[in-house]
Amino acid sequence: MKKTYNCKLIRKEELCPGIFDFEIECPEMAQAAKTGQFLHITCGGSTFLRRPISICDTTDTTLRFCFQVKGEGTKELSLREVGDMIDVMGPLGHGFETVPGEKTVVIGGGIGTFPLLKLARETDSAVFLGFRTKELVVMEDDFKAASGNVTVCTDDGTYGYNGFAIAAMGEYLLENKVDRIFCCGPTPMLKAVKQIAEYRDIPCQLSLEQRMGCGIGACLTCVCETKDEGMGKYKQVCSCGPVFDSKEVVL
Ligand SMILES: Cc1cc2nc3c(=O)[nH]c(=O)nc-3n(C[C@H](O)[C@H](O)[C@H](O)COP(=O)(O)OP(=O)(O)OC[C@H]3O[C@@H](n4cnc5c(N)ncnc54)[C@H](O)[C@@H]3O)c2cc1C
Ligand code: FES
């Protein structure tokens, strides 16, 4: 049985219009959390189903998560104020698997950059962060504090590397040997990273996003197609993922 906690919101910041950075207090969940796992959050208002949000970072007693307001749930969540209690189930899912001593690439796009901060700190990584435009670049300082090798990219060239993060990563891979790639981002980015990793024979883990219901493997709302045959072909992203080996999933 997954645990739920009533957690106090202890810090709230709006990183850029519509993107919020929350820190909640919950020592038990913070100490259990692994990079790449997520929280299933009761947002409030008339929303009934919880919404999945990735764990961005932890301390011994707190968890940080960042989210973009998309619809009613995240809008309601964004209205919570410091001191409010938030009902959170977690930590959920299967996170990133790291191997000590490996040289890795961490690549993320948009809101897919949030679950990568803790990973960037815990690995020896070159980090590539992609955003559509300068106004949407968030958490650059956090990533630079976590890793000595961070490239921020904007699709329209208004800040940092001029172009897609996958292009910057591609250039890096031409000159550097990498043991593993970790990626979280929109589907086109996941597909491109999967293709590059498989072409170069680099092990790669992808964090997938699906609409979720229960968050614990029971309702099958969140299934994704995998290369397994038979009963195992469709797997629940919430309980078998959200992180999968790139060779396992069909995108
Ligand atoms: C494992 C996981 C981790 C996530 N981590 C984060 C995070 O760290 N930060 C963050 O901002 N968001 C994250 N998301 C996405 C977040 O869960 C959705 O944006 C949120 O549930 C939308 O709820 P809502 O009620 O605001 O919008 P809704 O009214 O439910 O939907 C608004 C719009 O968003 C689309 N949408 C809703 N859920 C998803 C989804 N899962 N994938 C793609 N499109 C969706 C809908 O189709 C609709 O167009 C994550 C999702 C998953 C599955
Ligand atoms: S959300 Fe219910 S099985 Fe994944």
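Since we're looking at a predicted model, the values are computed, not measured. (Residues numbered from 1 in each chain as written. Chains lettered and ligands numbered in written order. Predicted model: local features only at pLDDT ≥ 70, side-chain atom pairs only at ≥ 80, totals over all residues. Heavy atoms only, no water.)

Student: Would you mind going over the overall build of the protein with me for this structure?
Tutor: The secondary structure content of the protein amounts to 7 helices and 16 strands. The globule rule puts the C-alpha radius of gyration for 251 residues at 18 Å, and the 17 Å found for the protein is close to it. Expressed as lengths along the three principal axes of its C-alpha atoms, the size of the protein is roughly 50 × 45 × 30 Å. Relative to its 251 residues, the protein shows a buried fraction of 50%. Partitioning the intrachain contacts of the protein with sequence separation of at least 6 by distance along the chain shows that 59% fall at a separation of at least 24. Accessible area of the protein: about 11,800 Å², with a carbon and sulfur share of 51%. The average position of the 28 basic charges and that of the 34 acidic charges among the side chains of the protein differ by 3 Å. (Helix = DSSP H or I, 4+ residues; strand = E, 2+ residues; numbered from the N terminus. Rg over C-alpha atoms; globule rule 2.2 N^0.38 Å. Buried < 20%, exposed > 50% of the residue type's maximum accessible area, 1.4 Å probe, protein only. Contact = heavy atoms within 4.5 Å. Areas by Shrake-Rupley, 256 points an atom, 1.4 Å probe, with all protein chains shown as cover. Lys, Arg positive; Asp, Glu negative; His and termini not counted. Charge placed at Lys NZ, Arg CZ, Asp CG, Glu CD.)

Student: Looking at this model, I keep getting lost on the sheet that holds strand E4 (residues 51–54). Mind explaining?
Tutor: The pairing of strands in a sheet comes from backbone hydrogen bonds and takes either a parallel or an antiparallel form. Ordered in space as E4-E3-E7-E1-E2-E6-E5, the 7 strands form an open sheet in which the pairing is antiparallel. The open sheet terminates on both sides in strands that have one partner only, identified here as E4 and strand E5 (57–58). Of the pairings in the sheet, the one linking E5 to strand E6 (residues 62–68) comprises 2 bridges and is antiparallel in character. Bridging from a neighbouring strand, Asp57 pairs with Arg64 of E6. (Pairing = 2+ DSSP bridges.)

Student: Looking at this model, I keep getting lost on the packing of aromatic side chains. Mind explaining?
Tutor: Within a pair of aromatic rings, the relevant descriptors are the distance that separates the centres and the angle that separates the planes. This structure, assessed with the given rule, holds 7 aromatic pairs. A centroid spacing of 5.8 Å and a plane angle of 25° characterise the contact between Phe20 and Phe67, whose relative ring orientation is stacked. Of the two residues, Phe20 is situated in strand E2 (residues 19–25) and Phe67 in strand E6; the sequence distance between them amounts to 47 residues. Among the residues examined, Phe20 registers a relative accessible area of 8% and is labelled buried. Looking at Phe67, the relative accessible area reads 2%, which means it is buried. Ring centres 5.6 Å apart and planes at 55° place the aromatic pair Phe22 and Phe65 in the tilted group. Here Phe65 lies in strand E6 and Phe22 lies in strand E2, a separation of 43 residues in the sequence. Across the pair, exposure class does not vary: Phe22 and Phe65 are buried alike. Ring-pair connections join several aromatic residues into one group, and the members of that group are Phe20, Phe22, Phe65 and Phe67. (Phe/Tyr/Trp six-rings, centres within 6.5 Å; stacked < 30°, edge-to-face > 60°.)

Student: Sorry if this is basic, but what is going on with the state of the cysteines here?
Tutor: Between two cysteines, a covalent bond joining their sulfur atoms is known as a disulfide. Inspection of every chain in the model, using the stated rule, returns 0 disulfides. Note on Cys26: no disulfide assigned, nearest cysteine sulfur contributed by Cys7 at a separation of 4.2 Å. No disulfide involves Cys204; its sulfur sits 6.6 Å from that of Cys183, the nearest cysteine. For Cys204, a relative accessible area of 2% translates into the label buried. (Disulfide = S-S within 2.5 Å.)

Student: How should I be thinking about the side chain of Ser207 in this particular structure?
Tutor: Looking at the secondary structure, you find Ser207 in strand E13 (residues 204–207). Residue class for Ser207 comes out buried when judged on its relative accessible area of 6%. Those residues in contact with Ser207, other than ones at most four positions away along the chain, are Phe96, Cys183, Cys184, Leu190, Pro242 and Val243.

Student: Would you mind going over the site of ligand 1 with me for this structure?
Tutor: Taken together, 19 residues lie around ligand 1, and Arg51, Pro52, Gln68, Thr74 and Arg211 are the ones closest in. Here a nitrogen atom of ligand 1 and a side-chain polar atom of Ser54 are 3.0 Å apart. Within the contact set of ligand 1, an oxygen atom lies 2.8 Å away from a backbone nitrogen or oxygen of Gly71. Across the complex, the protein chains shield 79% of the 880 Å² of accessible surface that ligand 1 would expose by itself. Of all the elements, E4 adds the most residues to the shell around ligand 1, at 4 residues. Its residues assigned to classes, the shell around ligand 1 shows 8 nonpolar, 6 polar and 5 charged. (Near = heavy atom within 4 Å. Polar contact = N/O pair within 3.5 Å; in protein donor to acceptor, adjacent residues only side chain to side chain. Nonpolar A, V, L, I, M, F, W, Y, C, P; charged D, E, K, R; others polar.)

Student: Help me out: how do you make sense of the pattern of salt bridges in this one?
Tutor: It is possible for side chains of opposite charge to pair when their charged atoms get near one another. One pass over the full model with this rule turns up 19 salt bridges. Salt-bridge contacts for Glu122 lead to Lys118; the nearest nitrogen and oxygen are separated by 3.2 Å. You can see Glu122 and its partner Lys118 sitting in helix H3 (residues 117–122), 4 residues apart, about one turn around the helix. A relative accessible area of 45% places Glu122 in the partly exposed class. Residue classification places Lys118 among the buried positions, given a relative accessible area of 9%. When the shortest N-O distance is used, the salt bridge between Glu140 and Lys144 registers 2.6 Å. In this pair, Glu140 and Lys144 are both assigned in helix H4 (residues 140–146), 4 residues apart and thus about one turn of the helix distant. (Salt bridge = Lys/Arg side-chain N within 4 Å of Asp/Glu carboxyl O.)

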